[in-house]
Amino acid sequence: MSEEDQLTPIPERAVANAHIRGMHNYLSTWEKSVDETDAFWGAEARAALDWIVPFRTVLRGSLSGGDVAWFPDGYLNVSVNCLDRHPASRTAIIWEGDEPNDVKHITYGEALAATCRLANALRTLGVRKGDRVCLYMPMVPEAAYCMLACARIGAIHSVVFAGFSAEALRARVEDSRCKVVLTADEGLRAKKVIKLKAVVDKALEAEECKCVTAVLVYKRTGGAIDWKEGRDQWMSEAMEKERPFCAPEVMNAEDPLFLLYTSGSTGKPKGMMHSSAGYLLWTAFTHRYTFDYHVGEVYACVADIGWITGHSYIVYGPLCNGATTVMFESLPTYPDAGRYWDLVSRHQIASFYTAPTAIRALMKYGDAPVKKHDRSSLRVLGSVGEPINPEAWKWYYEVVGEGRCCVVDTFWQTETGGHMITNIPGCQPMKPGSASLPMFGVRPMLVDPQAGVLLEGNHKEGVLCIGQPWPGIARTIWGDHARYLDTYLKPYPGYYFTGDGCRRDGDGYLWITGRVDDVLNVSGHRLGTAEIESALVTHEACVEAAVVGIPHDVKGQGIFAYCILKDATEETADLIPSLKAAVRAAIGGLATPDHIICTPGLPKTRSGKIMRRVLRKIACLEADQLGDTSTLADPSIIPLLIEKVEKAL
Ligand code: WTA
């Protein structure tokens, strides 16, 4: 089937009331958004946000200068935009706990009061504007209050996904020199207890974490935990002492709102820094258009707040729009594989946002768990995190959405703050597997990676760059602006470089082909090969490691590691499990390699560079397609590796 034939028409009933309708209106709005930047984004920012001091300048700086600033003379407070200005009686958050009958409806008024108490508690602990606060929290409403409490007093939050290890948490606390850590006694997922406080205790033992003077602990399970007098306090007790009112800090549009660490192609995770106004506008704007959100509807994003998807599309975007947003603590397969659809039916969810890895995992259980639940409330189904394979797309569209919902395939990154390429309900016909067309304000460019020239017109493939600033772009890497410039803005001067490959088809639709650097995408979690390699060499037996991604039918990518041992005789039965344990300790369970093989050597060029391309082919059992290996220093390693891999898989 040609790509032109794959166009799936917009299901009319899903978009009867759409904010924007038809390709024609999409195109004219898009053109205005990228050509008349000041007029378009000035009007949006005035309409969508409440300002304390209105801005006069819309955009200052440039991608080539690495100094982009939006609304730089305006002042506002993000928490006021997300809470105070919405009707106090409207439901802000529907929380569903690990057990399906554990549900809370929280109004905007209640969320505001809790946020203010927490904000005051943080001030009492000495937290001031610009200080960093680390969150290591489970999926509870308090996690959202913690983020918003930081925003209220101008503190910069740094949420660390609660699946990261103590060592990973330590490195992030150290890099951003956090003053306070907000956590819970334990988390709960499918009845499994996750000992969060114990991880925090271990991380904070390190000398480098002496910057942390207080830990607030939310009581989720009541399980036994260690307590450090003078440092630890129950979150509820600290909140009870405070008033439910807190004067918001007046923040410049460009003041940092948060840091979020993400993986790059070199070892150290990068603390991406997002701004206040530009980020908030971008998340609210994209939430409204991509999900065609209308006030009164229930919207659900089942990501974790530890990732950018949770920041932008559980907390900031929806709350800024006055939406009712769902927070889900459990797993899609608990108590059974129908949990998501049970959630949809009980809360009458209109738009539902998840990742291809979850869809693929659920597909394995067949259609029955879906059909058991009423999904008639659904209009829009979102996908994020990795390319969605057409088979999973069709199942999502036909089985989950009964062919009457729009599927939106949203391409974006931690660095972009919000959606960059996606179809918009009501505007464009869909194509299974294509992220489709740019969001308003986004000018995608395909560039030839060798020649560095623009690839214009259809039927082209290259690396994906963005040609002009958009409000949600991360402004810097915390403490390392040079790395920010080197990674994103210098590779193709004048453009932002995404790190992804992309193809433009005959209809101008964009197809993301995956990362072109050493970043892996495992179950929608972003991991650097270099991080996993450094974790492996922390093991005393391993002197060198090389990690590559291999296709995995549920996770998208699996992790394959080659390890060189100090001494080949050390290859005992418990070596592989202990190498895996080393990775879990350094990063967390999410980075555990699927396969590890030990080898006496790695294919290297004469200049000593590991040929990853060759390792990837061997791990994918495609050794017949190794390509040119004439630059290898010692080609004899190849047959040995092939034999080992074939035996191991
Ligand atoms: C990948 C997640 C194809 C891509 C929001 C990107 C996607 C990386 C899609 C960012 C999609 C995300 N289609 N690929 N719809 N969405 N990606 O920072 O490789 O965790 O660079 O942000 O995920 O991952 P991150």
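As recorded in an unreviewed UniProt entry, the chain goes by Acetyl-coenzyme A synthetase and comes from Prymnesium parvum. Its UniProt record gives the chain the following Sequence similarities (unreviewed entry) comment, quoted word for word: "Belongs to the ATP-dependent AMP-binding enzyme family."

*Asks:* So what exactly am I meant to see when it comes to the UniProt feature "domain: Acetyl-coenzyme A synthetase N-terminal" (unreviewed entry) in the chain here?
*Replies:* Under the UniProt annotation, "domain: Acetyl-coenzyme A synthetase N-terminal" (unreviewed entry) lies at residues 26-82. End C-alpha atoms of residues 26-82 are separated by 28 Å, and the span's content is 47% helix alongside 11% strand.

*Asks:* Can you walk me through unusual backbone geometry in this structure?
*Replies:* One can expect most non-glycine residues to show negative phi and most peptide bonds to be in trans. Omega for the bond connecting Y334 with P335 falls within 30 degrees of zero, at -5°, which places this linkage in the cis form. One can find P335 in the loop between strand 17 (324-328) and helix 11 (339-347). Although it is not a glycine, F71 sits at a positive phi angle of roughly 55°. Assignment of secondary structure puts F71 in the loop between strand 2 (69-70) and strand 3 (75-76). The class for F71 is buried, based on a relative accessible area of 0%.

*Asks:* Mind showing me how you'd approach the UniProt feature "domain: AMP-dependent synthetase/ligase" (unreviewed entry) in the chain here?
*Replies:* When the UniProt feature table is mapped onto this chain numbering, "domain: AMP-dependent synthetase/ligase" (unreviewed entry) sits at residues 84-476. Segment residues 84-476 splits into 30% helix and 23% strand. End C-alpha atoms: 29 Å apart.

*Asks:* Even after reading the chapter, I still don't get the packing of aromatic side chains, so can you show me in this structure?
*Replies:* Two numbers describe a pair of aromatic rings. These are the distance of the centres and the angle of the planes. Counting across every chain of the model gives 35 aromatic pairs. Both rings, one in Y26 and one in F440, keep their centres 5.6 Å apart while their planes meet at 40°; by these two values the pair is tilted. With a gap of 414 residues between them, Y26 in helix 1 (residues 23-35) and F440 in the loop between strand 20 (406-410) and strand 21 (444-447) connect regions that are remote in the sequence. Under the relative-accessibility criterion, Y26 is labelled buried at 1%. The side chain of R172 reaches across the aromatic face of F164, ending 4.4 Å from its centre. Over the ring of W234 we find K219; its NZ or CZ atom is 4.8 Å from the centre of that ring.

*Asks:* Explain the pattern of salt bridges here, please?
*Replies:* Two side chains that carry opposite charge are able to pair once their charged atoms sit near each other. Applying the stated rule across the entire model yields 47 salt bridges. We note a salt bridge from E12 to R21, for which the minimum N-O separation is 3.1 Å. For E12, a relative accessible area of 47% gives the class partly exposed. For R21, a relative accessible area of 33% corresponds to the partly exposed category. The shortest N-O distance in the salt bridge between K431 and D507 comes to 2.7 Å. Here K431, found in the loop between strand 20 and strand 21, pairs with D507, found in the loop between strand 24 (496-504) and strand 25 (510-515); they are 76 residues apart in sequence, far enough to count as distant.

*Asks:* Could you clarify how one ought to interpret the packing of helix 4 (residues 108-124) against helix 5 (residues 141-153) in this entry?
*Replies:* A pair of packed helices is characterised by two quantities: the angle between their axes and the separation of those axes. Running from N to C, helix 4 and helix 5 point in directions that differ by 60°, and their axes come no closer than 8 Å. Judged by the inter-axis angle, helix 4 sits oblique to helix 5. Crossing geometry of helix 4 relative to helix 5 is assigned as right-handed. Across the interface between the two elements, A111, L112, A114, T115, C116, L118, A119, L122 and R123 of helix 4 pack against E142, Y145, C146, L148, A149, C150, R152 and I153 of helix 5.

*Asks:* Explanation requested: helix 17 (residues 575-586) in the structure shown.
*Replies:* Each turn of an α-helix holds 3.6 residues, which means side chains three or four residues apart point in the same direction. Here helix 17 is 12 residues long and its end C-alpha atoms lie 17 Å apart, about the 16 Å a rise of 1.5 Å per residue gives. Of the surrounding secondary structure, the elements contacted by the buried residues of helix 17 are helix 16 (529-536), strand 28 (542-552), strand 29 (556-565) and strand 30 (595-599). A positive phi of about 145° marks G588, the residue just after helix 17.

*Asks:* Any chance you could explain the environment of E142 here in plain terms?
*Replies:* Here E142 lies in helix 5. Along the sequence, E142 and L27 sit 115 residues apart, while their C-alpha atoms lie 41 Å from each other. In contact with E142, not counting residues within four places along its chain, are L118, M137, Y218 and M235.

*Asks:* Would you take a moment to explain a nonpolar patch on the surface for this structure?
*Replies:* Nonpolar side chains collect at one region of the surface, where I52, V53, Y75 and V250 lie side by side and expose about 300 Å² of accessible area between them. Looking at the secondary structure, you find V250 in the loop between helix 8 (235-240) and strand 13 (251-252). Classification of V250 as partly exposed rests on a relative accessible area of 40%.

*Asks:* Looking at this structure, I do not really get the sheet that holds strand 4 (residues 91-96). What am I missing?
*Replies:* Backbone hydrogen bonds are what pair the strands of a sheet, in a parallel or an antiparallel way. The strand order across the open sheet formed by 7 strands is 5-4-17-16-18-19-20, and the pairing between neighbours is mixed. At either margin of the open sheet sits one strand with a lone partner, and together these are strand 5 (103-107) and strand 20. When strand polarity is set aside, the average angle formed by the axes of neighbouring strands in this sheet is 20°. Summarising the sheet, strand 4 and strand 5 pair through 5 bridges and their orientation is antiparallel. Paired with E96 across the strands is V103, a residue of strand 5. Contacts from helix 5 reach strand 4, strand 5 and strand 17, with the element oriented near 135° to strand 4.

*Asks:* I keep staring at the site of the ligand and nothing clicks. Help me out?
*Replies:* In the neighbourhood of the ligand, 17 residues make up the surrounding shell, with D409, T410, T414, D500 and R526 lying closest. One of the backbone N or O atoms of P387 is found 3.4 Å from a nitrogen atom in the ligand. T414 is positioned such that a nitrogen or oxygen atom in its side chain is 2.6 Å from an oxygen atom of the ligand. Here the ligand loses 95% of its free accessible area of 530 Å² to cover by the protein chains. Secondary structure elements with two or more residues in the shell around the ligand: helix 10 (308-320), strand 20 and strand 25. For the shell around the ligand, the per-class residue count stands at 6 nonpolar, 6 polar and 5 charged.

Rules used throughout
Residues numbered from 1 in each chain as written. Predicted model: local features only at pLDDT ≥ 70, side-chain atom pairs only at ≥ 80, totals over all residues. Heavy atoms only, no water. UniProt positions renumbered as here; feature names shortened; annotations may be inferred. Helix = DSSP H or I, 4+ residues; strand = E, 2+ residues; numbered from the N terminus. Buried < 20%, exposed > 50% of the residue type's maximum accessible area, 1.4 Å probe, protein only. Phe/Tyr/Trp six-rings, centres within 6.5 Å; stacked < 30°, edge-to-face > 60°. Lys NZ or Arg CZ within 6 Å of the ring centre and 35° of its normal. Salt bridge = Lys/Arg side-chain N within 4 Å of Asp/Glu carboxyl O. Axes fitted to C-alpha atoms, helices over the stretch in contact; angles between N-to-C directions. Parallel < 35°, antiparallel > 145°, perpendicular 65-115°, else oblique. Left-handed = near helix turned anticlockwise from the far one by under 90°. Contact = heavy atoms within 4.5 Å. Expected span 1.5 Å × (residues − 1). Patch = residues over 30% accessible without salt bridge, like charges linked within 9 Å, V, L, I, M, F, W, Y side chains within 5 Å. Areas by Shrake-Rupley, 256 points an atom, 1.4 Å probe, with all protein chains shown as cover. Pairing = 2+ DSSP bridges. Near = heavy atom within 4 Å. Polar contact = N/O pair within 3.5 Å; in protein donor to acceptor, adjacent residues only side chain to side chain. Nonpolar A, V, L, I, M, F, W, Y, C, P; charged D, E, K, R; others polar.

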